Amino acid sequence: MAKVTTLDIVKHDGEAYVKEARMAEVGEKIIVVKSVDCRYENGEVFEVAIAHDNRGGIYTKPENGRLDYFMYGSEYNVLVPLKSGTKITVEGVEYEASNLAPGIADLIVVVDAYEVGWVDDYGVYPVYLDNRGVVKFDDNDGDERDLPKWLDNGAILTLIPTVKSNVNNETNESNPKEGDDMTDVIVHEGVKYRKVEREVQEGDKHIVCTTDAFPFITKDKTYAIENIDEDGDPTIVDDEGDESVLKREEYAVLEPIPVPIDEQIAEAERKLAELKAAKAEQERLKVGDYAVVVTDEYEPNEYHKGEVVRIIRDDRSTMPFQIKYREQVGWVYEKDLRRATPEEVAEAKRKLAEGQAKKAEEAKWSAIGRKVGEYEAGDVVQIREYEYGNIVGHIGEVVEVQERSLQVKGEWNNKMHTFSASDKSVNLIVPVEKRFDKGA
């Protein structure tokens, strides 16, 4: 039960595709494998716009309303996406790729071998049950292996046969458990079913049409059972959207194949791992988020423990987050941050706004060669807070700078008066150096 084959893989736009030598369908991607003229080169990838004739000829996707190139089937291979849900042909048998845990009659594809040496990237391996009923496979050296734990990390895809007929009865390695009466196996919506020749019963969900006598019903197609009439015949919705009744000789019943408990556990663990990964990604800090530093190892030269910072870049590296703090930038590990609470974000924004206002005020005073609040006689100021008789909004002139106050001269009740005011209760309107009446 060693490796079957290694899939011929092409990477295109970050996705993996399997090369298949067959006629392409409209909408599929193809890769040039035999360039016959200078219009295209081997390895070029195109999308099919028209599937032309029975020789496999196609036209590639049109641009500006005109078809690009015509090529015959011998000149290209079809690119089949290597992902769950797509059909892949291996040694003449059609399989459906799935994230389900593998079972009897399935193959596995090693998407990422992690350089272990005993399996190959994109190697295809059959699986079987050992004498304890545990799913196994043989590596490149023929040694028996358990399914690796990589299954949880998406490193393996299961290939489930879309239709499996005439199962070999000579060995249990390619059959279900002894005594299991299995005829054809069908995969429908990711679930394995057994085709059984019997009448429908209460509780059956699906049937397969076994006749091609009707133009509105497709042979070998799976249909949901809408109801069972008084004669015991199933009613389905046919291809034209109408209700049709099938007689016993026109269908086979699909019975779900019980999934071994080990496979159920593996599938549950896989889904749990997917949910955990989705939750972790949802909770992961993103660009624009605010976070709190939870370590003091960056002190004293950089950000400190408890400081609120903002994420400005995430490169998904070992130290992924570039942060902005106190108008500076730096890099930090994911483990050294936690998401800031709304209260912490509000407080950080308030402090930032105050800091920016302070810097702007310092810049204005620095432009006239003074420190903030350093008034001089002759400055024109406006009262912003009531103090010592000054009216809010009045404009006056600083006539004297004292140790703890300013003497401000201004008009009040049509007369000039001088009031005391602190430097915190006035706004500078015009510095004395800028007054035209003082010779500026």
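Before any of the text, the structure's been laid out above.
A brief report on the enclosed structure follows. Position numbers for residues start from 1 in each chain and track the written sequence from start to end. Owing to the predicted nature of the model, reporting of local features is limited to residues with pLDDT of at least 70; listing and counting of side-chain atom pairs is limited to 80 or more, with chain, interface and lining totals taken over all residues. With hydrogens and water set aside, each side-chain value is computed from the structure's full complement of heavy atoms.

Another aspect to go through is the overall build of the protein. Secondary structure elements are taken from DSSP: a helix is a run of H or I of four residues or more, a strand is a run of E of two residues or more, and numbering for both begins at the N terminus. If you tally the helices and strands in the protein, you get 2 helices and 35 strands. Buried residues are those whose accessible area, probed at 1.4 Å on protein chains only, stays under 20% of the maximum for their type, while exposed residues exceed 50% and partly exposed ones sit between those limits. Counting the 440 residues in the protein, one finds 37% classified as buried. We call two residues in contact when some of their heavy atoms are within 4.5 Å. At a minimum sequence separation of 6, the contacts of the protein that also span at least 24 residues come to 48%. Within the structure as shown, the protein displays about 26,200 Å² of accessible surface, and the carbon and sulfur contribution to it stands at 47%. Here, Shrake-Rupley sampling with a 1.4 Å probe gives the accessible areas, and only protein chains in the shown set may cover a residue.

Leu 7, Ile 30, Met 71, Leu 82, Ile 88, Val 90 and Leu 159 are the most contacted members of the largest nonpolar core, which has 26 residues in total. Counting residues per element, the ones that place at least two in this core are strand E3 (15-20), strand E4 (29-32), strand E5 (45-51), strand E8 (76-81), strand E9 (87-90), strand E10 (93-98), strand E11 (107-110) and strand E16 (156-161). Filtering out sequence-adjacent residues up to four positions away, Val 90 remains in contact with Val 4, Thr 5, Leu 7, Tyr 95, Leu 107, Val 124 and Leu 159. Counting residues in each nonpolar core, the second largest holds 12 residues, with Val 293, Val 309, Phe 321 and Tyr 325 among its members. Residues enter a nonpolar core if they are buried and are Ala, Val, Leu, Ile, Met, Phe, Trp, Tyr or Cys, with the set joined through side-chain atoms within 4.5 Å.

Glancing now at the side chain of His 206. For His 206, the position within the fold is in strand E20 (residues 206-209). Take His 206: its relative accessible area is 14%, and that puts it in the buried class. Those residues in contact with His 206 that sit more than four places away from it in its chain are His 188, Tyr 193, Thr 222, Tyr 223, Ala 224, Ile 225, Val 253 and Leu 254.

What follows concerns the sheet that holds strand E35 (residues 426-430). Spatially, E34-E33-E32-E31-E35 is the arrangement adopted by the 5 strands of the open sheet, whose pairing is antiparallel. The strands lining the two open edges of the sheet, one partner per strand, are strand E34 (415-421) and E35. Across this sheet, the average inter-strand angle for adjacent strands is 40°, counted without regard to direction. Across 3 bridges, strand E31 (residues 380-383) lies against strand E32 (residues 395-401) in antiparallel orientation. Strands pair, by our definition, only if DSSP identifies at least two bridges between them. Only the contacting stretch of a helix is used when fitting its axis, a line to C-alpha atoms as for every element, and angles between N-to-C directions run 0 to 180 degrees.

For Asp 13, which is not glycine, the phi dihedral falls at a positive 50°. Along the chain, the position of Asp 13 falls in the loop between strand E2 (9-12) and E3. Classification of Asp 13 as exposed rests on a relative accessible area of 68%.

Whenever Lys or Arg places a side-chain nitrogen within 4 Å of a carboxyl oxygen from Asp or Glu, that contact is recorded as a salt bridge. Counted under the stated rule, the structure contains 30 salt bridges. Linking Lys 3 and Asp 120 is a salt bridge whose minimum nitrogen-to-oxygen distance equals 2.6 Å. You can see Lys 3 sitting in the segment before strand E1 (5-6) and its partner Asp 120 sitting in the loop between E11 and strand E12 (123-126), a full 117 residues away along the chain. Accessibility expressed as a relative area gives 25% for Asp 120, which makes it partly exposed. Between Arg 22 and Glu 28 there is a salt bridge, with its nearest N and O atoms 2.8 Å apart. Residue classification places Arg 22 among the partly exposed positions, given a relative accessible area of 31%. Overlapping salt bridges, with partners in common, bring together Glu 281, Arg 284, Asp 314, Arg 316 and Glu 334 in one network.

For the rest of this paragraph, the subject is the sheet that holds E12. With respect to topology, 6 strands assemble into an open sheet ordered E1-E12-E11-E16-E10-E9, the strand pairing being antiparallel. The open sheet terminates on both sides in strands that have one partner only, identified here as E1 and E9. Here E11 pairs with E12 via 3 bridges, running antiparallel. Its bridge partner being in E12, Ile 108 is matched across the sheet by Tyr 125.

Stacked, tilted and edge-to-face are the three classes applied to pairs of Phe, Tyr and Trp rings, where Trp contributes its six-membered ring and a pair requires centres within 6.5 Å; stacked means planes under 30 degrees apart, edge-to-face means over 60, and tilted covers the rest. In the structure shown here, the tally under the stated rule is 5 aromatic pairs. Between Tyr 125 and Phe 137, the aromatic rings sit 5.6 Å apart at their centres with planes inclined by 70°, giving edge-to-face as the arrangement. Linking Tyr 125 in strand E12 with Phe 137 in strand E14 (residues 135-138), this pair joins segments that are 12 residues apart in sequence. Site record: aromatic cluster; members linked through ring pairs are Tyr 298, Tyr 303 and Tyr 325. Just above the ring of Trp 118 sits the side chain of Arg 145; from NZ or CZ to the centre is 3.7 Å. The rule for a charge over a ring is simple: NZ of Lys or CZ of Arg within 6 Å of the ring centre, and within 35 degrees of the ring normal.

Glancing now at helix H2 (residues 342-366). A helix is expected to span 1.5 Å for every residue after the first. Taking 1.5 Å per residue as the helical rise, H2 with its 25 residues ought to reach 36 Å, and the 36 Å between its terminal C-alpha atoms agrees with that figure. Residues Val 345, Ala 348 and Trp 365 constitute the buried set of H2. Buried residues along H2 sit against strand E26 (290-293), strand E27 (308-314) and E35.

Each patch is built from residues that are more than 30% exposed by relative accessible area and take part in no salt bridge. Like charges join if they lie within 9 Å; nonpolar side chains (Val, Leu, Ile, Met, Phe, Trp, Tyr) join within 5 Å. His is not counted, nor are the chain ends, whereas Lys and Arg count as positive and Asp and Glu as negative. Where a charge lies is defined by one atom per residue type, namely NZ (Lys), CZ (Arg), CG (Asp) and CD (Glu). Taken together, Glu 226, Glu 240, Asp 242 and Glu 243 make up a surface patch of like negative charges. Along the chain, Asp 242 falls in the loop between strand E23 (234-237) and strand E24 (243-245). On the basis of relative accessible area, Asp 242 is assigned to the partly exposed category, the value being 40%.

Another aspect to go through is the environment of Thr 318. Mapped onto the elements of the fold, Thr 318 is located in the loop between E27 and strand E28 (321-325). Along the chain, Thr 318 and Tyr 333 lie 15 residues apart, while their C-alpha atoms are 7.0 Å from each other.

If you check helix H1 (residues 261-283), its first and last C-alpha atoms are 32 Å apart, about what 23 residues at 1.5 Å a residue would give, namely 33 Å. The elements touched by buried residues of H1 are E14.

Moving on to the side chain of Glu 20. As for its position among the elements, Glu 20 is in strand E3. The exposure class of Glu 20 is buried, given its relative accessible area of 9%. Contacts described as polar in this section are N or O atom pairs within 3.5 Å, which, within protein, must combine one atom able to donate a hydrogen with one able to accept it, while residues neighboring in sequence count only if both atoms come from side chains. There is a polar contact of 2.9 Å between the side chain of Glu 20 and the backbone nitrogen of Thr 89. Sequence-distant contacts of Glu 20, defined by excluding residues within four places in its chain, comprise Asn 77, Val 78, Val 80, Lys 87, Ile 88 and Thr 89.

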